[in-house]
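Listed below are the residues making up each chain.
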Amino acid sequence: MITVLLGPPGSGKGTQAKVLKEEKHFLHLSTGDMLRAAIQQGSPLGLKVKDIMARGELVSDDIVLALIKEKLETSGAKTNVVLDGFPRNLAQAKSLDDLLRSSSMIVDKVVSIEIDPRELIERLTGRRTCPTCGAGFHVKFQPPKKDGICDSCGGSLVQRKDDTETVIVDRLKVFEQQTSPLREYYQNKGLLAVVDGSQKPVAVTKEIFKAFGI
Ligand code: AMP
């Protein structure tokens, strides 16, 4: 089953994709994580996308499509894949369909995690991650035991450059303009399930599992 999690920044796509990976052994493909890894490595790709991402804009379709293609090909995965943060516009969705079709695959199910945008600012500005082990925290909703220190590995927590209020407002606009039309695209294909993202993460997980029939 090839699945897509749709939703604005901060709706919990990454959190839910991690659960699918840990509990159901899905291959988790996050274009945002791949791009951040490229920035951290200082690779040519990282240098190219760094400023675009810091502004909260989308990087070019060719870049993300190449990343997804490479990961799908090298993993050899034909099933149990969750796409997080991709596709992000209609052109990417159509390219994904073409890419999958060339390997006799299709998108099987899409979950749209929906939430009032006003909730997202607080969620995103408080978000902290551990660059060493990838664990996620929130200064208010899930604080680490020791301020700024990762509970799992003792690494120093960081805030994403694009999790500042001005950039968040722009990222939400980009979502509304470019990504939200995908809801209709997948609904017309009969693939869309909608989940209330304002619930506790475990309740969201339960609904996603139900939508995926797992
Ligand atoms: P995310 O971690 O999914 O919130 O993505 C962080 C940033 O990476 C986005 O604001 C974009 O700049 C870039 N990005 C991630 N995925 C895509 C995509 N599918 N298309 C274009 N840009 C992307």
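Relevant structure appears above.
Residues numbered from 1 in each chain as written. Predicted model: local features only at pLDDT ≥ 70, side-chain atom pairs only at ≥ 80, totals over all residues. Heavy atoms only, no water.

1. Thoughts on the site of the ligand
Taken together, 16 residues sit near the ligand, with Thr31, Arg36, Glu57, Arg88 and Gln92 positioned nearest. The separation between an oxygen atom of the ligand and a polar main-chain atom of glutamate 57 is 2.5 Å. Contact with the protein chains hides 96% of the accessible area of the ligand, taken as 480 Å² for the molecule alone. Ranked by residue count, the leading element in the shell around the ligand is helix α2 (residues 31-41), at four residues. Looking at side-chain class alone, the shell around the ligand contains six nonpolar, four polar and six charged residues. (Near = heavy atom within 4 Å. Polar contact = N/O pair within 3.5 Å; in protein donor to acceptor, adjacent residues only side chain to side chain. Areas by Shrake-Rupley, 256 points an atom, 1.4 Å probe, with all protein chains shown as cover. Helix = DSSP H or I, 4+ residues; strand = E, 2+ residues; numbered from the N terminus. Nonpolar A, V, L, I, M, F, W, Y, C, P; charged D, E, K, R; others polar.)

2. Quick look at the sheet that holds strand β4 (residues 109-114)
With respect to topology, five strands assemble into an open sheet ordered β2-β3-β1-β4-β7, the strand pairing being parallel. In this open sheet, the two strands that pair with only one neighbour each are β2 (27-30) and β7 (192-196). The mean angle between the axes of side-by-side strands here comes to 20 degrees, regardless of whether they run parallel or antiparallel. The sheet contact formed by β2 and strand β3 (residues 81-84) spans four bridges and is parallel. The partner of serine 30 across the bridge, within β3, is aspartate 84. Packing against the sheet, helix α1 (residues 13-24) makes contact with β1 (2-6), β2, β3 and β4, and its axis sits at approximately 165 degrees to β3. (Pairing = 2+ DSSP bridges. Axes fitted to C-alpha atoms, helices over the stretch in contact; angles between N-to-C directions. Contact = heavy atoms within 4.5 Å.)

3. A short note on helix α5 (residues 90-101)
Spanning 12 residues, α5 covers 16 Å between terminal C-alpha atoms, matching the ideal 16 Å at 1.5 Å per step. Those residues of α5 lying buried are Gln92, Ala93, Leu96, Asp97, Leu99 and Leu100. Projection of α5 onto a plane perpendicular to its axis shows the buried side chains occupying an angular sector of 165 degrees, all on one side. Of the surrounding secondary structure, the elements contacted by the buried residues of α5 are β1, α4 (61-75), β3 and α8 (181-188). By the N-cap criterion, in which a side-chain oxygen at the helix start approaches the backbone nitrogen of a residue two or three places on, α5 is capped by asparagine 89, the distance to alanine 91 being 3.3 Å. (Expected span 1.5 Å × (residues − 1). Buried < 20%, exposed > 50% of the residue type's maximum accessible area, 1.4 Å probe, protein only. Arc of directions from axis to C-beta.)

4. A word on the pattern of salt bridges
One pass over the full model with this rule turns up 14 salt bridges. With a shortest N-O distance of 3.7 Å, arginine 171 and aspartate 162 are connected by a salt bridge. Of the two residues, arginine 171 and aspartate 162, both sit in the buried class. Counted as one network, the salt bridges with shared partners bring together Arg127, Arg160, Asp162, Asp163 and Arg171. (Salt bridge = Lys/Arg side-chain N within 4 Å of Asp/Glu carboxyl O.)

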